[in-house]
Amino acid sequence: MSRPSVRRALRRAGAEPPPRPPRGAGPRNLGRIPPPKIFLPGETEDAGVVNFSAVFGRVAPVEMEVGVGKGRFLLAAAAAHRDRNWFGLEIEPEYAQIVRIKAERAGLSNLRIERIDGRAFVLRRLSPGCLAGLHVYFPDPWPKKRHHKRRLVDPAWAEAAAHALAPASLLRVASDHEEYFGVIDDVLSNEPLLEKLIPDEAGDWSTGTSYELKFLKTGRPIYKAVFRRRVSGSAG
Ligand SMILES: C[S@@+](CC[C@H](N)C(=O)[O-])C[C@H]1O[C@@H](n2cnc3c(N)ncnc32)[C@H](O)[C@@H]1O
């Protein structure tokens, strides 16, 4: 990806953007770009579930964000809660690079960001109860019906995410897209291991992401929900 805004963000973060793709290497050729991996650097491709204590070099509760974008939420959360490990997944390599540079600059050794597909990763790499929190903020809505299959959240993803959450831990979701949010809300509400918090329990909260700030400025409605992993029910 080499959108001008991303190239500018990379420069601001102190990194040199990749060379511009040759003419003709546009979206039609995207199929030639290898899919993002779900394995961490140093892992072999038959690695099983992730050992987060080894990844972070310490034992601490792990919170994960899928689709971090420029990392505004993840960076702030990691700075505010240094007793927790924060793991970010981002499919766009430039965004992952920007967040990595900012985390290093801020001395956030409790933040790890990887260029990884957050759908496949949740489906295949998480052990039962390994997450103390999961955050999904403004996932790409893929509004055209023929693209719905590219969406992050569906019943299989919801089931895998619920199994990965420790009992009583929270899954927070936000979107500006009414129809996709409705789908996410239905899917997560129908997942037996999750219970939706009523507004009073969920409290007034904000993601603090770039997208939320942008939408707040334009007065666009933002939909949010919090789900809790049920304490009863097997995490295995
Ligand atoms: C609409 S942006 C929102 C970014 C950020 N959460 C925010 O609110 O500012 C969606 C982000 O999810 C990333 N993304 C899309 N599909 C993904 C996937 N399967 N795994 C990880 N990241 C993904 C996109 O590259 C993009 O950065």
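See the structure above.
These notes cover the structure that comes with them. (Residues numbered from 1 in each chain as written. Predicted model: local features only at pLDDT ≥ 70, side-chain atom pairs only at ≥ 80, totals over all residues. Heavy atoms only, no water.)

**Focus: the site of the ligand**
1) Next: Around the ligand, a shell composed of 18 residues is seen, among which G67, E90, G118, Y137 and T209 lie nearest.
2) Next: Take I91: an N or O atom from its main chain is 3.2 Å from a nitrogen atom of the ligand.
3) Next: For the ligand, whose free accessible area comes to 590 Å², the fraction covered by protein is 89%.
4) Next: If you list the elements that add at least two residues to the shell around the ligand, you get β2 (85-90) and α9 (210-218).
5) Next: Considering only residue class, the shell around the ligand consists of eight nonpolar, five polar and five charged. (Near = heavy atom within 4 Å. Polar contact = N/O pair within 3.5 Å; in protein donor to acceptor, adjacent residues only side chain to side chain. Areas by Shrake-Rupley, 256 points an atom, 1.4 Å probe, with all protein chains shown as cover. Helix = DSSP H or I, 4+ residues; strand = E, 2+ residues; numbered from the N terminus. Nonpolar A, V, L, I, M, F, W, Y, C, P; charged D, E, K, R; others polar.)

**Overview of a positive patch on the surface**
1) Next: A contiguous patch of positive charge, built from R8, R12, K70, R72, K102, R105, K214 and K217, is present on the exposed surface.
2) Next: Breaking the positive patch down by element, the ones donating at least two residues are α1 (4-12), α4 (93-105) and α9.
3) Next: Here R8 lies in helix α1.
4) Next: Classification of R8 by relative accessible area gives partly exposed; the value is 48%. (Patch = residues over 30% accessible without salt bridge, like charges linked within 9 Å, V, L, I, M, F, W, Y side chains within 5 Å. Salt bridge = Lys/Arg side-chain N within 4 Å of Asp/Glu carboxyl O. Lys, Arg positive; Asp, Glu negative; His and termini not counted. Charge placed at Lys NZ, Arg CZ, Asp CG, Glu CD. Buried < 20%, exposed > 50% of the residue type's maximum accessible area, 1.4 Å probe, protein only.)

**Overview of the nonpolar core**
1) Next: Ranked by size, the top nonpolar core spans 41 residues in total, and within it M64, F87 and L131 carry the most contacts.
2) Next: At six residues, the largest contribution of residues to this core is made by helix α6 (residues 155-164).
3) Next: Ignoring any residue separated from it by four or fewer positions in sequence, one finds F87 in contact with L40, F52, V55, F56, V62, E63, M64, E65, L74, R112, E114 and F121.
4) Next: With 21 residues, the next largest nonpolar core counts L74, A103, A174 and L197 among its residues. (Core = buried A, V, L, I, M, F, W, Y, C linked by side-chain atoms within 4.5 Å. Contact = heavy atoms within 4.5 Å.)

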